[in-house]
Amino acid sequence: MDSFAEISFLVSDHIEANLKFYLLGVLFAIPFIYFTRKWTVPLILYTIEICIYFAFMHIFIHALVGITAWFKTNSSIRALQKDGLPPDAVFWTTPMVKFWDKAAYDPLWVIYVEYAFMAVIIVLVLKFRPMHTQKPKPRFSIDGTKRGESEKDAMTVAKKYGSKRYADEWVKKPGKSARDVPGRKP
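Colleague: What's the story with the overall build of the protein chain in this structure? I'm lost.
Modeller: A tally of regular secondary structure across the protein chain gives six helices and zero strands. Each helix and strand of the protein chain, placed in order from N terminus to C terminus, yields the pattern α-α-α-α-α-α. Here the protein chain holds 186 residues, and the buried ones make up 15% of them. Contacts spanning at least 24 positions in sequence make up 50% of the contacts within the protein chain whose residues lie at least 6 apart. Element-wise, carbon and sulfur atoms account for 68% of the exposed surface of the protein chain, whose accessible area totals about 16,200 Å².

What follows is the structure, given as structure tokens:
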């Protein structure tokens, strides 16, 4: 828990020291995101989704390395030393919070496994959940009237004359009902 507190104190101290720059960045970013929201909001949400997948993968690798180290140490058949551990005991570990620190990975190749999993996650997300920009609804219909007005007019006409008035004109062949089937018991 101390590493989480240490990170949060570092972040809060950095934000307090550079508060003017962060406020200036926010003042420019909010209008930019607002006016380009059709492209930026899906990109931001897509990035957050990928980061969540990365976090789950990192937690899984952290737990897997810990369980593997525990199993290797406890399944050794060599005689125990004075400290209660076998001579071939391993202390493999990965950092939970400072994942960018390569020196904190005990077998160094684990960080490269995480990089490979990150690449696989990105490829899978791009393949199965491609990013789509938002499509705004048109404000005007084909005849130039506003969408809301023409829909309201259509609803009033439908209420006045009945919604199924012209249904027979559009149907080429009338459909058979279940009652017209021979051999059906009433």
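Colleague: Even after reading the chapter, I still don't get the packing of helix H3 (residues 37-74) against helix H4 (residues 109-128), so can you show me in this structure?
Modeller: Direction vectors running N to C along H3 and H4 enclose 145°, while the axes themselves pass 10 Å from each other. Every pair of crossing elements has a handedness; the one defined by H3 and H4 is right-handed. Contact residues: Tyr 46, Ile 50, Tyr 53, Phe 54, Met 57, His 58, Ile 61 and Val 65 in H3; Val 110, Glu 114, Phe 117, Met 118, Ile 121, Ile 122, Val 125 and Leu 126 in H4.

Colleague: I would appreciate a short explanation of the layout of surface pockets in the present structure.
Modeller: One way to see where empty space is left: roll a probe the size of a water molecule over the atoms. Within this model, the largest pocket holds a volume of roughly 190 Å³. Listed by contribution, the elements that provide at least two residues to the lining of the largest pocket are H3 and H4. For the lining of the largest pocket, the element with the most residues is H3, which contributes four residues. The residue makeup of the lining of the largest pocket, split by class, is six nonpolar, one polar and one charged.

Colleague: Any chance you could explain the environment of Cys 51 here in plain terms?
Modeller: With respect to the helices and strands, Cys 51 occurs in helix H3. Taking the C-alpha atoms as reference points, Cys 51 and Ile 122, separated by 71 residues in sequence, lie 10.0 Å from one another.

Colleague: How should I be thinking about the nonpolar core in this particular structure?
Modeller: Here is a general trend for soluble globular proteins: nonpolar side chains tend to be buried in one another's company. Tyr 46, Ile 50, Phe 54, Met 57, Ile 61, Val 65, Tyr 105, Val 110, Ile 111, Ile 121 and Val 125 form the largest nonpolar core, which has eleven residues in total. Counting residues per element, the ones that place at least two in this core are H3 and H4. The element contributing the most residues to this core is H3, with six residues. Other than its neighbours up to four places away in sequence, Tyr 105 contacts His 58, Thr 93, Thr 94, Pro 95, Phe 99, Val 110, Ile 111 and Glu 114.

Colleague: Please explain H3 as it appears in this structure.
Modeller: What sets the pattern is the α-helix's 3.6 residues per turn: residues three or four places apart point alike. With 38 residues, H3 ought to run about 56 Å at 1.5 Å a step, and its terminal C-alpha atoms sit 55 Å apart, in line with that. The complete set of buried residues in H3 reads Thr 40, Pro 42, Tyr 46, Glu 49, Ile 50, Phe 54, Met 57, His 58, Ile 61, Val 65, Ala 69 and Thr 73. Buried-residue contacts for H3 involve helix H2 (19-35) and H4.

Colleague: Even after reading the chapter, I still don't get the confidence of the model for the protein chain, so can you show me in this structure?
Modeller: As a general rule, the predicted coordinates of low-pLDDT regions are not to be interpreted in detail. Across the protein chain, the average pLDDT comes to 78, with 64% of residues at or above 70. Here helix H6 (residues 167-170) is the element of the protein chain with the lowest mean pLDDT, 50, and H4 is the one with the highest, 92.

Colleague: Sorry, what's going on with the packing of aromatic side chains here?
Modeller: One pair of aromatic rings is described through two measures. These are the centre distance and the angle between the planes. All chains considered together, the criterion is met by two aromatic pairs. Relative to Phe 35, the ring of Tyr 34 has its centre 5.2 Å away and its plane inclined at 75°; by these criteria the two rings are edge-to-face. Between the aromatic rings of Tyr 112 and Tyr 115, the centroid separation amounts to 6.0 Å while the plane-to-plane angle is 75°, which identifies the pairing as edge-to-face. Within this pair, Tyr 112 and its partner Tyr 115 are both found in helix H4, separated by three residues, close to a single helical turn.

Colleague: How should I be thinking about the pattern of salt bridges in this particular structure?
Modeller: Pairing of side chains with opposite charge becomes possible as their charged atoms draw close. Taken as a whole and assessed by the stated rule, the structure comprises one salt bridge. A salt bridge links Arg 129 to Glu 49; its shortest N-O distance comes to 2.6 Å. Of this pair, Arg 129 sits in the loop between H4 and helix H5 (147-161) while Glu 49 sits in helix H3; the two residues are 80 residues apart in sequence, bridging distant segments of the chain. Judged by its relative accessible area of 47%, Arg 129 falls in the partly exposed class.

Colleague: When you look at the packing of H2 against H3 in this model, what are you seeing that I'm missing?
Modeller: Packed helices, taken two at a time, are described by their axes: the angle between them and the distance between them. It is the contact of H2 with H3, at a shortest axis distance of 5 Å, that shows an interaxial angle of 110°. Comparing their axes, H3 and H2 come out roughly perpendicular. When H2 is examined against H3, the residues Phe 32, Ile 33, Tyr 34 and Phe 35 are found in contact with a partner set consisting of Arg 37, Thr 40, Val 41 and Ile 44. In the contact of H2 with H3, the residues fall into six nonpolar, one polar and one charged.

What counts, and where the lines are drawn
Residues numbered from 1 in each chain as written. Predicted model: local features only at pLDDT ≥ 70, side-chain atom pairs only at ≥ 80, totals over all residues. Heavy atoms only, no water. Helix = DSSP H or I, 4+ residues; strand = E, 2+ residues; numbered from the N terminus. Buried < 20%, exposed > 50% of the residue type's maximum accessible area, 1.4 Å probe, protein only. Contact = heavy atoms within 4.5 Å. Areas by Shrake-Rupley, 256 points an atom, 1.4 Å probe, with all protein chains shown as cover. Axes fitted to C-alpha atoms, helices over the stretch in contact; angles between N-to-C directions. Left-handed = near helix turned anticlockwise from the far one by under 90°. 1 Å grid on protein atoms, 1.4 Å probe; cavity = no way out; pocket = protein on both sides within 12 Å on 5 of 7 lines; lining within 4 Å. Points joined across faces, edges and corners; volume = space filled by probe spheres on them. Nonpolar A, V, L, I, M, F, W, Y, C, P; charged D, E, K, R; others polar. Core = buried A, V, L, I, M, F, W, Y, C linked by side-chain atoms within 4.5 Å. Expected span 1.5 Å × (residues − 1). pLDDT = per-residue confidence, 0-100. Phe/Tyr/Trp six-rings, centres within 6.5 Å; stacked < 30°, edge-to-face > 60°. Salt bridge = Lys/Arg side-chain N within 4 Å of Asp/Glu carboxyl O. Parallel < 35°, antiparallel > 145°, perpendicular 65-115°, else oblique.

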